[in-house]
Amino acid sequence: MEQTLAIIKPDGTAARLVGEVIRRIEDEGLAIAAMRMELLSERKAEGFYYVHRQKPFFRSLIGFMTSGPVVLMVLEGENAISRWRTLMGATDPRKAAPGTIRRDLATDIERNVVHGSDGPDSAVYEIHYFFKGDDICSGT
Ligand code: CMP
(Lines give C-alpha, C1' and ligand atoms only; values in the text may rest on other atoms or scores of the structure.)
Protein backbone atom coordinates (compact mmCIF):
# COMPACT_ATOMS: atom_id res chain seq x y z
CA MET A 1 0.00 0.00 0.00
CA GLU A 2 1.29 3.43 -0.94
CA GLN A 3 0.09 6.92 0.00
CA THR A 4 0.33 10.20 -1.90
CA LEU A 5 -0.77 13.79 -1.35
CA ALA A 6 -3.42 15.18 -3.69
CA ILE A 7 -4.53 18.82 -3.83
CA ILE A 8 -7.51 20.27 -5.65
CA LYS A 9 -6.24 23.79 -6.36
CA PRO A 10 -8.19 27.09 -6.10
CA ASP A 11 -9.17 26.98 -9.80
CA GLY A 12 -10.73 23.56 -9.17
CA THR A 13 -12.73 24.64 -6.11
CA ALA A 14 -13.83 27.90 -7.83
CA ALA A 15 -15.08 25.96 -10.87
CA ARG A 16 -17.03 23.48 -8.65
CA LEU A 17 -14.83 20.62 -9.80
CA VAL A 18 -14.34 19.02 -6.37
CA GLY A 19 -16.96 16.34 -6.97
CA GLU A 20 -15.67 15.60 -10.49
CA VAL A 21 -12.09 15.12 -9.26
CA ILE A 22 -13.18 12.92 -6.34
CA ARG A 23 -15.36 10.87 -8.71
CA ARG A 24 -12.31 10.16 -10.88
CA ILE A 25 -10.20 9.24 -7.83
CA GLU A 26 -12.83 6.80 -6.55
CA ASP A 27 -13.51 5.34 -10.00
CA GLU A 28 -9.76 4.61 -10.25
CA GLY A 29 -10.08 2.57 -7.04
CA LEU A 30 -7.91 4.83 -4.89
CA ALA A 31 -9.05 5.31 -1.28
CA ILE A 32 -9.27 8.75 0.34
CA ALA A 33 -7.50 8.28 3.68
CA ALA A 34 -7.69 11.95 4.74
CA MET A 35 -9.38 15.09 3.39
CA ARG A 36 -9.63 18.74 4.46
CA MET A 37 -10.50 22.08 2.88
CA GLU A 38 -8.14 24.95 3.68
CA LEU A 39 -7.36 28.51 2.60
CA LEU A 40 -3.56 28.42 2.48
CA SER A 41 -1.60 31.28 4.01
CA GLU A 42 1.19 32.75 1.92
CA ARG A 43 3.72 31.28 4.34
CA LYS A 44 2.22 27.79 4.13
CA ALA A 45 2.09 27.87 0.32
CA GLU A 46 5.69 29.15 0.14
CA GLY A 47 6.86 26.35 2.40
CA PHE A 48 5.04 23.73 0.38
CA TYR A 49 6.54 24.93 -2.92
CA TYR A 50 9.97 25.71 -1.39
CA VAL A 51 11.79 23.67 -4.09
CA HIS A 52 10.40 26.08 -6.70
CA ARG A 53 11.44 29.26 -4.84
CA GLN A 54 13.99 30.27 -7.50
CA LYS A 55 11.67 29.65 -10.46
CA PRO A 56 10.36 32.64 -12.43
CA PHE A 57 6.77 31.52 -11.83
CA PHE A 58 7.14 31.22 -8.02
CA ARG A 59 5.42 34.51 -6.95
CA SER A 60 2.59 33.94 -9.41
CA LEU A 61 2.18 30.35 -8.19
CA ILE A 62 1.94 31.49 -4.55
CA GLY A 63 -0.60 34.17 -5.51
CA PHE A 64 -2.68 31.56 -7.30
CA MET A 65 -2.45 28.93 -4.55
CA THR A 66 -3.61 31.45 -1.90
CA SER A 67 -6.41 32.91 -4.05
CA GLY A 68 -9.10 30.54 -2.76
CA PRO A 69 -9.60 27.34 -0.82
CA VAL A 70 -7.86 24.09 -1.71
CA VAL A 71 -8.90 20.51 -0.92
CA LEU A 72 -6.06 18.50 0.62
CA MET A 73 -6.24 14.71 0.45
CA VAL A 74 -4.17 11.66 1.26
CA LEU A 75 -4.83 8.98 -1.35
CA GLU A 76 -4.03 5.35 -0.64
CA GLY A 77 -3.68 2.20 -2.75
CA GLU A 78 -1.24 0.01 -4.65
CA ASN A 79 1.07 2.34 -6.62
CA ALA A 80 -1.01 5.33 -5.50
CA ILE A 81 1.70 7.84 -6.49
CA SER A 82 1.94 6.84 -10.14
CA ARG A 83 -1.79 6.09 -10.47
CA TRP A 84 -2.69 9.58 -9.23
CA ARG A 85 -0.08 11.13 -11.55
CA THR A 86 -1.56 9.22 -14.49
CA LEU A 87 -5.08 10.43 -13.59
CA MET A 88 -3.83 14.04 -13.36
CA GLY A 89 -1.90 14.07 -16.65
CA ALA A 90 1.13 16.23 -17.52
CA THR A 91 1.69 19.55 -15.70
CA ASP A 92 0.93 21.47 -18.90
CA PRO A 93 -2.67 20.63 -19.89
CA ARG A 94 -1.77 21.06 -23.58
CA LYS A 95 0.66 18.15 -23.19
CA ALA A 96 -1.60 16.02 -20.99
CA ALA A 97 -3.14 12.85 -22.44
CA PRO A 98 -6.82 12.88 -23.43
CA GLY A 99 -9.07 11.77 -20.59
CA THR A 100 -6.79 13.11 -17.84
CA ILE A 101 -7.98 15.69 -15.31
CA ARG A 102 -5.63 18.39 -16.57
CA ARG A 103 -6.39 17.83 -20.26
CA ASP A 104 -10.14 17.76 -19.62
CA LEU A 105 -10.47 20.48 -16.96
CA ALA A 106 -7.38 22.71 -16.62
CA THR A 107 -6.80 26.21 -18.00
CA ASP A 108 -2.99 26.46 -18.34
CA ILE A 109 0.32 25.24 -16.90
CA GLU A 110 -0.19 27.18 -13.64
CA ARG A 111 -3.96 26.82 -13.20
CA ASN A 112 -3.85 23.06 -13.62
CA VAL A 113 -6.60 22.02 -11.11
CA VAL A 114 -4.65 19.39 -9.16
CA HIS A 115 -1.32 18.56 -7.55
CA GLY A 116 0.24 15.19 -6.77
CA SER A 117 3.47 14.09 -5.11
CA ASP A 118 6.14 13.17 -7.66
CA GLY A 119 7.76 10.27 -5.77
CA PRO A 120 7.92 8.34 -2.46
CA ASP A 121 10.15 10.87 -0.64
CA SER A 122 8.09 13.89 -1.64
CA ALA A 123 4.88 11.98 -0.79
CA VAL A 124 6.04 11.43 2.81
CA TYR A 125 7.18 15.06 3.11
CA GLU A 126 4.04 16.51 1.56
CA ILE A 127 1.58 14.32 3.51
CA HIS A 128 3.22 15.33 6.80
CA TYR A 129 3.37 18.96 5.73
CA PHE A 130 -0.44 19.03 5.92
CA PHE A 131 -1.60 16.06 8.02
CA LYS A 132 -0.84 14.55 11.43
CA GLY A 133 -0.79 10.78 11.78
CA ASP A 134 -4.12 10.82 13.68
CA ASP A 135 -5.80 12.60 10.74
CA ILE A 136 -5.11 9.72 8.35
CA CYS A 137 -7.60 6.83 8.23
CA SER A 138 -5.41 4.17 6.67
CA GLY A 139 -6.71 0.84 5.32
CA THR A 140 -10.36 1.83 4.77
P1 CMP B 1 2.34 21.32 -9.39
O2 CMP B 1 2.33 19.92 -9.87
O3 CMP B 1 1.52 21.67 -8.20
O4 CMP B 1 3.86 21.74 -9.11
C5 CMP B 1 4.33 23.05 -9.23
C6 CMP B 1 3.33 23.98 -9.85
O7 CMP B 1 3.87 25.16 -10.40
C8 CMP B 1 2.66 23.28 -11.03
O9 CMP B 1 1.84 22.26 -10.61
C10 CMP B 1 1.97 24.46 -11.68
O11 CMP B 1 0.80 24.88 -11.00
C12 CMP B 1 3.06 25.52 -11.51
N13 CMP B 1 3.95 25.59 -12.68
C14 CMP B 1 4.82 24.68 -13.13
N15 CMP B 1 5.48 25.10 -14.21
C16 CMP B 1 5.02 26.34 -14.45
C17 CMP B 1 5.30 27.31 -15.43
N18 CMP B 1 6.21 27.10 -16.39
N19 CMP B 1 4.63 28.47 -15.39
C20 CMP B 1 3.72 28.69 -14.41
N21 CMP B 1 3.41 27.80 -13.45
C22 CMP B 1 4.04 26.63 -13.46
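See the structure printed just above.
Let me begin by describing the structure that accompanies this report. (Residues numbered from 1 in each chain as written. Predicted model: local features only at pLDDT ≥ 70, side-chain atom pairs only at ≥ 80, totals over all residues. Heavy atoms only, no water.)

### What to know about the overall build of the chain
A tally of helices and strands in the chain yields 7 helices and 4 strands. Seen in sequence order, the chain has helices and strands lined up from the N terminus as β-α-α-β-α-α-β-α-α-β-α. Principal-axis analysis of the C-alpha atoms places the extent of the chain at approximately 40 × 35 × 25 Å. The buried share among the 140 residues of the chain stands at 46%. When contacts within the chain are restricted to residue pairs at least 6 apart in sequence, long-range pairs at least 24 apart make up 75% of them. About 7400 Å² of surface is accessible on the chain, with carbon and sulfur atoms providing 52% of the total. When the 18 positive and 20 negative side-chain charges of the chain are each reduced to one mean point, those points stand 6 Å apart. (Helix = DSSP H or I, 4+ residues; strand = E, 2+ residues; numbered from the N terminus. Buried < 20%, exposed > 50% of the residue type's maximum accessible area, 1.4 Å probe, protein only. Contact = heavy atoms within 4.5 Å. Areas by Shrake-Rupley, 256 points an atom, 1.4 Å probe, with all protein chains shown as cover. Lys, Arg positive; Asp, Glu negative; His and termini not counted. Charge placed at Lys NZ, Arg CZ, Asp CG, Glu CD.)

### Quick word on the layout of surface pockets
Empty space within the largest pocket amounts to approximately 600 Å³. Around the largest pocket sit 24 residues that line it, and Y49, H52, L61, T91 and H115 are the ones nearest its centre. Among the elements of the structure, α3 (42-48), α5 (80-88), β4 (114-116) and α7 (120-130) are those that each provide at least two residues to the lining of the largest pocket. Take the lining of the largest pocket: its biggest share by element is 3 residues, from α7. Within the lining of the largest pocket, the residues separate by chemical class into 9 nonpolar, 8 polar and 7 charged. (1 Å grid on protein atoms, 1.4 Å probe; cavity = no way out; pocket = protein on both sides within 12 Å on 5 of 7 lines; lining within 4 Å. Points joined across faces, edges and corners; volume = space filled by probe spheres on them. Nonpolar A, V, L, I, M, F, W, Y, C, P; charged D, E, K, R; others polar.)

### A look at the site of the ligand
In the region of the ligand, the neighbouring residues are K9, Y49, H52, F57, L61, T91, R102, I109, E110, N112 and H115. Take R102: an N or O atom from its side chain is 3.4 Å from an oxygen atom of the ligand. One of the side-chain N or O atoms of N112 is found 3.2 Å from an oxygen atom in the ligand. When the free accessible area of the ligand is taken as 460 Å², the share hidden by the protein chains comes to 79%. Because more than half of its atoms lie within 2 Å of the grid, the ligand is assigned to the largest pocket. Class assignment for the residues of the shell around the ligand results in 4 nonpolar, 4 polar and 3 charged. (Near = heavy atom within 4 Å. Polar contact = N/O pair within 3.5 Å; in protein donor to acceptor, adjacent residues only side chain to side chain. Sits in = over half its atoms within 2 Å of the grid points.)

### Quick look at the pairing of strand β1 (residues 2-8)
Most of β1 is tucked away, with 5 of its 7 residues classed as buried. Sheet analysis places β1 next to strand β3 (residues 70-77), joined by 7 bridges and oriented antiparallel. Among the inter-strand pairings, E2 is bridged to a residue of β3, identified as G77. Of the strand pairs in this sheet, β1 and β4 are connected by 3 bridges, and their pairing is antiparallel. Bridge pairing in β4 places I8 opposite V114. (Pairing = 2+ DSSP bridges.)

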